[in-house]
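Secondary and tertiary structure notes
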Amino acid sequence: MLSARKADPAVVSALRDVFPIILAVVPFGMVYGTVAAGEGLTLLQTVGFSASVFAGASQLAALQLVGIGAPVWSVLLAVFALNFRHILYSASVGRHIKHFPKAAKALAFFLLADPTFAAAEARAGRRALSTGYYFAYGLSLYVCWLISSLVGALAGALIEDPAVFGIDFVLPVYFLALVMTFRQRASFWPVASTSAAASIVIYAVIGPPWHVTLGALAGILVAAVMPIENRSVGSPMADEQSAEKAT
Amino acid sequence: MSDIWLIVLLAGILTYLTRIGGHLLIKIVGTLPPRLEAALDAVPAAVLTTIFAPVMVSGDWPERGALVLCGILAFRFPLIGTVAIGAGFVAIARAIL
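Residues numbered from 1 in each chain as written. Chains lettered and ligands numbered in written order. Predicted model: local features only at pLDDT ≥ 70, side-chain atom pairs only at ≥ 80, totals over all residues.

The name given to chain B in an unreviewed UniProt entry is Branched-chain amino acid transport, with Fulvimarina pelagi HTCC2506 as the source organism.

Stated formally: UniProt positions are given in the numbering used here, feature names are shortened, and annotations may be inferred rather than shown by experiment.
As recorded in an unreviewed UniProt entry, chain A goes by Branched-chain amino acid ABC transporter permease and comes from Fulvimarina pelagi HTCC2506. According to its UniProt record, chain A has this under Sequence similarities (unreviewed entry): "Belongs to the AzlC family."

1. So, the overall build of chain A
Convention followed: Here a helix means four or more residues in a row that DSSP labels H or I, a strand means two or more in a row labelled E, and each is numbered from the N terminus. Exposure is read from a count of other C-beta atoms within 10 Å of each residue's own; the residue is exposed at 12 or fewer, buried at 20 or more and partly exposed in between. C-beta atoms are placed from the backbone. Think of it this way: build a C-beta for each residue from its backbone, and any pair within 7 Å is a contact.
Looking only at helices and strands, one finds 12 helices and zero strands in chain A. Going from the N terminus to the C terminus, chain A shows its helices and strands as α-α-α-α-α-α-α-α-α-α-α-α. Residues counted as buried form 49% of the 247 residues belonging to chain A. Within chain A, counting contacts between residues at least 6 apart in sequence, those at least 24 apart form 77% of the total.

2. Re the nonpolar core
The following threshold applies: A set of buried residues qualifies as a nonpolar core if it consists of Ala, Val, Leu, Ile, Met, Phe, Trp, Tyr and Cys joined through C-beta atoms within 7 Å.
Core analysis: the largest hydrophobic core is formed by 101 residues, its most contacted members being Val173(A), Leu176(A), Ala177(A), Val179(A), Ile220(A), Ala42(B) and Ala45(B). Examining the composition of this core, we find that 13 residues originate from one element, helix α1 (residues 9-38) of chain A, more than from any other. With residues up to four places along the chain from it excluded, the contact list for Leu176(A) reads Phe52(B), Leu67(B), Cys70(B), Gly71(B) and Ala74(B).

3. Quick word on the interface of chain A and chain B
Frequently, the measure chosen for interface size is the accessible area that the parts lose on association. Counting residues at the interface gives 77 residues for chain A, matched by 61 residues for chain B. With 10 residues, helix α9 (residues 170-180) of chain A is the single largest residue contributor to the side of chain A that touches chain B.

4. Remarks on the UniProt feature "transmembrane region" (unreviewed entry) in chain A
Residues and elements named next belong to chain A. Listed under "transmembrane region" (unreviewed entry) in the UniProt record, and renumbered for this structure, are residues 21-41, 61-82, 133-157, 163-181, 188-206 and 212-228. Structurally, residues 61-82 is divided into 82% helix and 0% strand, and its ends, taken at the C-alpha atoms, are 8 Å apart. End C-alpha atoms of residues 212-228 are separated by 25 Å, and the span's content is 82% helix alongside 0% strand.

5. Observations regarding helix α2 (residues 34-41) of chain B
Turning to α2(B), its buried residues number three or more, namely Ala38(B), Ala39(B), Leu40(B) and Asp41(B). Contacts made by the buried residues of α2(B) are with α5 (85-93) and α11 (210-225) of chain A together with α3 (43-52) of chain B.

6. Concerning unusual backbone geometry
If you check the backbone angles, Phe54(A) has positive phi at about 55° while not being a glycine. Secondary-structure assignment places Phe54(A) in the loop between α2 (43-53) and α3 (56-67).

7. A short note on α11(A)
How we decide: Given a helix with a known number of residues, its expected span is that number minus one, times 1.5 Å.
Relative to the 22 Å expected for 16 residues at 1.5 Å per residue, α11(A) spans 23 Å between its end C-alpha atoms, a close match to the ideal helical length. Burial runs high along α11(A): 12 of the 16 residues are buried. Among the residues of α11(A), His211(A), Val212(A), Thr213(A), Gly215(A), Ala216(A), Leu217(A), Ala218(A), Gly219(A), Ile220(A), Val222(A), Ala223(A) and Ala224(A) are the ones counted as buried. In this structure, the buried residues of α11(A) make contact with α4 (72-83), α5 and α10 (188-205) of chain A together with α2 and α3 of chain B.

8. Things to note about the packing of α11(A) against α2(B)
Our working rule: The angle between two axes is taken between their N-to-C directions and runs from 0 to 180 degrees, where each axis is a line fitted to C-alpha atoms and a helix contributes only its stretch in contact. Any angle from 65 to 115 degrees is called roughly perpendicular, while one under 35 is roughly parallel, one over 145 is roughly antiparallel, and all others are oblique. Crossing chirality is assigned from the near helix's rotation relative to the far helix, an anticlockwise turn below a right angle marking it left-handed and a clockwise turn marking it right-handed. Each residue is assigned to one class: nonpolar for Ala, Val, Leu, Ile, Met, Phe, Trp, Tyr, Cys and Pro, charged for Asp, Glu, Lys and Arg, and polar for all the others, Gly among them.
α2(B) packs onto α11(A) with a crossing angle of 140° between their chain directions and a minimal axis gap of 8 Å. It follows from the interaxial angle that α11(A) and α2(B) lie oblique. α11(A) and α2(B) meet at a crossing whose hand is right-handed. Facing α11(A), whose interface residues are Ile220(A), Ala223(A) and Ala224(A), α2(B) presents Arg35(B), Ala38(B), Ala39(B) and Asp41(B). For the contact of α11(A) with α2(B), the class distribution of residues is five nonpolar, no polar and two charged.

9. A word on the packing of α5(A) against helix α7 (residues 114-126) of chain A
Residue and element names in this part refer to chain A. At a minimum axis separation of 11 Å, α5 and α7 run at an interaxial angle of 25°. One finds that α5 runs roughly parallel with respect to α7. Here the hand of the crossing between α5 and α7 comes out left-handed. Here Tyr-89, Ser-92 and Val-93 of α5 come into contact with α7, specifically with Phe-117, Ala-120 and Glu-121. In the contact of α5 with α7, the residues fall into four nonpolar, one polar and one charged.

10. Focus: the UniProt feature "transmembrane region" (unreviewed entry) in chain B
All names here are of chain B. The sites that UniProt annotates as "transmembrane region" (unreviewed entry) are residues 6-26, 38-59 and 65-93. Along residues 6-26, the helical share is 100% and the strand share 0%, with 30 Å between the first and last C-alpha atoms. The span residues 38-59 shows a helical share of 82% and a strand share of 0%, and its end C-alpha atoms are spaced 33 Å apart.

11. Re the environment of Val191(A)
With respect to the secondary-structure elements, Val191(A) resides in helix α10. A residue is classified by how many C-beta atoms lie within 10 Å of it, and Val191(A), with 31 of them, is buried. Setting aside residues up to four positions removed in sequence, Val191(A) forms contacts with Gly219(A), Val222(A), Ala223(A), Ala42(B), Ala45(B) and Ala46(B).

Here it is in structure tokens:
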């Protein structure tokens, strides 16, 4: 593997894995860019926000709050609450990138978006997670996020109503399909159904964005109290099988 | 500095803190007890589920129908196929209803 540095097979499979995700993310980035331009952000601010945060849902939430004239601190609180889930991601992914050089590790956490997290977890279930795989995946997603934000801002009114094309629905379906690739893990159904039920109730009672953090904690709690021996011995293999089906 | 640039800067810092924070916390705690490990393994399914599940209450019938349909399709179809069918289904259902 190491000798094949020129065409690192890990890079190739990362690019293959990230391609469908880019197809899903680009429209979302364009929607963000369009909304940002509509809120009066300059091109540089629109792309700069994507570059610094790299988390679409929180960027859109921030724009919405800016639009209604909310104070800076409340915008920041919304961004933090919406991105709080990353704490869970980094706790989990940190176990798989222990061998990365220090600077690479710091950069890896910066790139830890939802799809990157899911891909890194799936990859680590099958083999050691290499810097080649991680950064080929993460950086191409990052660059596409910036470009699509820019294109969205430039296109402006071209995507006046994303709902007409179902573009606004790409992300929910995408996350649903992504979750299903983890279904071979032993605790999957109890965890997923608990999180689904909890997030729906919290969404209805407290409202967004707390349904994400609290709903996830409910599912994680279920996994923590389930009998340990129940955890699938062959979960990496199971992940591989479902991942193969997914490609 | 305008408010927008202040938000761009501070939101970026806050988000980075969330992205490295869990790792730093684990580093302080040290080795992972088995139950914590089991909990971490459940993180992907738990978090990602909460992002789409509330569509069942926030969405209308086209969105609910598409979500159920895609939940079934995901057993058979590759990820991108499920996404395309789901988005297409919603677009058509919205146009009809």
